[in-house]
Structure formats: C-alpha cells, structure tokens
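# Descriptive structure summary
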There are 2 protein chains.
Amino acid sequence: MSITDDALKANESYAREFALEHLPMPPARKLAIVACMDARLTVEQALGLKTGDAHIIRNAGGIVTEDAIRSLIISHHLLGTQEFIIINHTDCGMLTFKGEDLAAKLEAGTDAAAVTPQSFHAFSNLEENVRQQIQRVKSHPWIPANISVRGFIYDVKTGELNEVPAGKARGKSAK
Amino acid sequence: MSITDDALKANESYAREFALEHLPMPPARKLAIVACMDARLTVEQALGLKTGDAHIIRNAGGIVTEDAIRSLIISHHLLGTQEFIIINHTDCGMLTFKGEDLAAKLEAGTDAAAVTPQSFHAFSNLEENVRQQIQRVKSHPWIPANISVRGFIYDVKTGELNEVPAGKARGKSAK
C-alpha cells in the first residue's frame, strides 16, 4: 500500500469522528501564518491553534514570495485576517544548498532549456532571512500598515518559537 | 493581548512537553502535500500524519503555482519525497470572487500602478481545478514521471477526502 493510501485510510477514521461541520470560512482568530513546509514543524500544534482558527500558508523556507503575498492579500481583504506571523526554523534545508547549484543539476538532467522557478530562495542567514520576509509583507502596497506582522524562528530541537526583532533587513537574500 | 501573543503563550506549553528533538530533516513518510490555506483544513490531522512525516505546502486555493513547484522540487530532489498529494476543498473562498474584480478594488485603493501578484488564481470548477493542478505537477520537466501525484477534494462539512481522477484537464483556470 502506498503512503497516499495509508493517509486515505487514516482520513476514514478522521471523518468518522468529525464534528466540525459548522465552521465558517473566515478564520476564527483572524490570523494568517507563513511558515516553512518542513516536516518537523506542525504549525497548529506548535501555536495552540484549532481547526478553523487561522490561514496557514507554507512553502520551502517560509518565504514571502509573490505567491505568499497573493495568499495574504486574499486572507486579509476577502477573509478578514488582521495579524500575520512568519515562521522560519533552525536546521532549515534552505541553509544547505545554493540555488544556482541545484538549478545547474536539474538543467543537466532535462532537455528543457529554461524552466521555472527562477529562484529557489535558499539563504545563508536565518535571522536576516526572517527580517527580509517581514519587510516584504510590510512594504507591499496592498497590505495595510495596521496589520501586525511578526517573525519567529522555530527551534526544531526544543519546539520553541523565538521572536526576531523586525529591525532593518540588509541587502537581498542569496539565491 | 494580541492573537499572536496568545499563540506564543500556547507555544510555551508546547515547548515544555516537547519530545521530538531527534527528528531528521527528510520527511519520514517521503510525502509532500500541496493544500489550500483554509482554516477549516488541518492537513496533518485529516491525513493521520505526525510531526516529521511530510512536507506541507499551502497557499490560497491549493494551487500548483511556480512557488509550489519550487517547494516540490526541493522536497523531492533535496529531501527525497516520492509521493505528492494535492488537496482542494468544498466551499473554497477561491470559488467566490473573480481575480480581476479583486485587483480592480485593490488598485483603486493604492497609488501603486502595477503590483504583484499577476493572478489571484480564483477558479469556478473545483474538480477541474484539481485536475489542472495534478497536470501542472506531472508536466513539469523537473518532476520525475515516477512520482505518484494524486488529487483530492476535502469536504469541510464531513472531513472526508474524495479523490479526483486525474483525467484530462480542459483549458485554463479562470483568473
């Protein structure tokens, strides 16, 4: 049996016990989170959130990409969230490679001359990366200035969230 | 106290009980999931996944954007995942608006002439949307053909996942 089939079997049990049929579409806590996709971070558990509480946006690195901005705009303007949290974490895979090396390896294995993505958003300084993501949200013209935007580093060895002061992000992230 | 501060307080309790300090970086189940950010879907619970099991990628709609492809490439090529699951859901906010209307509203409220995102990826047909996302993954030159890619619709009223046969996606998604 595949892992996907295993997950479907687990879903049958979940659905049997399900008692959340009346949750409204807008998140109850008016909260949206941008976090890394890392398997060691279960966002809802780590922040004490229940199903229905928050929008959860995740990608490799917990990067405020154009796509994450798209999601945050929809989250706030259509579904009323008022606070944003950005979560990166220790021991992140994005600290372990250079985007150009990965692109070169992938290009060597395919006929495609140039394919997306343009950048893998690898980075070398975790705190600095969090500060840059905060700034990307705060500087976006379609994100109102009164939205709270705070950034954290999740420690995969302790489960703790440690806040990164917004400060001033320097330069651009490494590719 | 803000919702963010509430979440930090909950994290203190989580960290006190934390006993997962030895999880490795690669997901234990070699699984990556692309799902909608919707608050009513707690991906790990609905699929019976534990912390450490799977990469979780989420955005508005559960769309295989360039950014989701970036994350899937990193997930597979650097961290060894072998099965991908795509999850959209009933009563999705992305079925309730037109991208051009939202863009017009946002543009009217700002000085910025043209800002990202280019498209909000709203859609009008849920099953068709899932099929398109499967096809986007399967047709990408950097995603090997032997990766399992299956798509589902999560029912927010019952907690059930219902598979969408891959079939042939028609046309493009509405903006």
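Residues numbered from 1 in each chain as written. Chains lettered and ligands numbered in written order. Predicted model: local features only at pLDDT ≥ 70, side-chain atom pairs only at ≥ 80, totals over all residues. Heavy atoms only, no water.

### Points about the packing of helix α4 (residues 99-108) of chain A against helix α3 (residues 66-77) of chain B
What counts is decided by this rule: To obtain an axis, a line is fitted to C-alpha atoms, over the contacting stretch when the element is a helix, and the angle between two such axes runs from 0 to 180 degrees between their N-to-C directions. The numbering of helices and of strands both runs from the N terminus, where a helix is a DSSP run of H or I of at least 4 residues and a strand a run of E of at least 2. Oblique is the label for any angle not covered by the other classes, which are roughly parallel (under 35 degrees), roughly antiparallel (over 145) and roughly perpendicular (65 to 115). Working rule for contacts: check all heavy atoms of both residues, and any pair within 4.5 Å makes them a contact. Each residue is assigned to one of three groups, with Ala, Val, Leu, Ile, Met, Phe, Trp, Tyr, Cys and Pro labelled nonpolar, Asp, Glu, Lys and Arg labelled charged, and all others, Gly among them, labelled polar.
With their axes 12 Å apart at the nearest point, α4 of chain A and α3 of chain B run at an angle of 80° to one another. Relative to α3 of chain B, α4 of chain A is oriented roughly perpendicular. Judged by residue contacts, Leu102, Lys105 and Leu106 of chain A of α4 of chain A engage Ile73, Ile74 and His77 of chain B from α3 of chain B. Residue composition of the contact of α4 of chain A with α3 of chain B, by class: four nonpolar, one polar and one charged.

### Considerations on the interface of chain B and chain A
Test applied: Summed over both partners, the accessible area lost on bringing two parts together, with a 1.4 Å probe, is the buried area. Between Lys or Arg on one side and Asp or Glu on the other, a salt bridge is scored when a side-chain nitrogen of the former is within 4 Å of a carboxyl oxygen of the latter. Polar contacts, as used here, are pairs of N or O atoms within 3.5 Å; protein pairs need one atom able to donate a hydrogen and one able to accept it. Residues neighboring in sequence count only if both atoms are side-chain atoms.
If you look at the interface, chain B gives 89 residues, while chain A gives 89 residues. Summing both sides of the interface, chain B and chain A together bury roughly 7500 Å²; the carbon and sulfur share of this comes to 61%. One salt bridge connects Arg150 of chain A with Asp5 of chain B, and the closest N-O pair in it is separated by 3.1 Å. At the junction of chain B and chain A, the tally comes to 39 residue pairs in polar contact (both at pLDDT 80 or more). For the side of chain B that touches chain A, the elements supplying multiple residues, two or more each, are α1 (3-16), α2 (43-46), β2 (54-59), α3, β3 (83-89), α4 (99-108), β4 (148-154) and β5 (161-164) of chain B. For the side of chain B that touches chain A, the element with the highest residue contribution is α1 of chain B, accounting for 10 residues.

### Details of empty space enclosed by the protein
Rolled over the atoms, a probe as big as a water molecule pinpoints where empty space is left. To keep things clear, this is the line we draw: Lining residues are defined by having an atom within 4 Å of a point belonging to a cavity or pocket. Those points lie on a 1 Å grid over the protein atoms alone, cavities being sets where a 1.4 Å probe fits but cannot get out and pockets being open sets with protein on both sides within 12 Å along at least five of seven lines. Grid points are joined across faces, edges and corners, and a volume is the space filled by probe spheres set on the points.
According to the stated counting rule, one finds four cavities of 30 Å³ or more in the structure shown. Of the voids in this model, the largest cavity is the one considered here, and its volume is about 70 Å³. Around the largest cavity sit 13 residues that line it, and Cys36, Met37, Cys92 and Gly93 of chain A together with Leu79 of chain B are the ones nearest its centre. Looking at the lining of the largest cavity, its residues break down into eight nonpolar, four polar and one charged. Approximately 60 Å³ is the volume attributed to the second largest cavity. For the second largest cavity, the full set of lining residues is His55, Ile74 and Leu79 of chain A together with Cys36, Met37, Asp38, Ala60, Gly61, His89, Cys92, Gly93 and Met94 of chain B.

### A few points about the confidence of the model for chain A
We apply this condition: The predictor attaches a confidence to each residue, and that confidence, scored 0 to 100, is pLDDT.
Overall, the predicted model of chain A reaches an average pLDDT of 93, with 93% of residues at or above 70. Both confidence scores are given for the complex: pTM 0.94, ipTM 0.94.

### Quick look at the relation of the copies chain B and chain A
Put simply, the rule reads: Here the copies are matched by least squares. The fit uses the C-alpha atoms of residues with pLDDT of at least 70 in both.
It takes a turn of 180° to lay chain B on chain A, together with a shift of 0.0 Å along the axis; the resulting RMSD is 0.0 Å. In symmetry terms, the pair is related by a two-fold rotation axis. Closest approach to the rotation axis among the C-alpha atoms of chain B is made by Arg58 of chain B, whose C-alpha sits 2.3 Å away. The overlap is high: 100% of the interface residues of chain B also sit at the interface in chain A, so the same surface is used on both sides.

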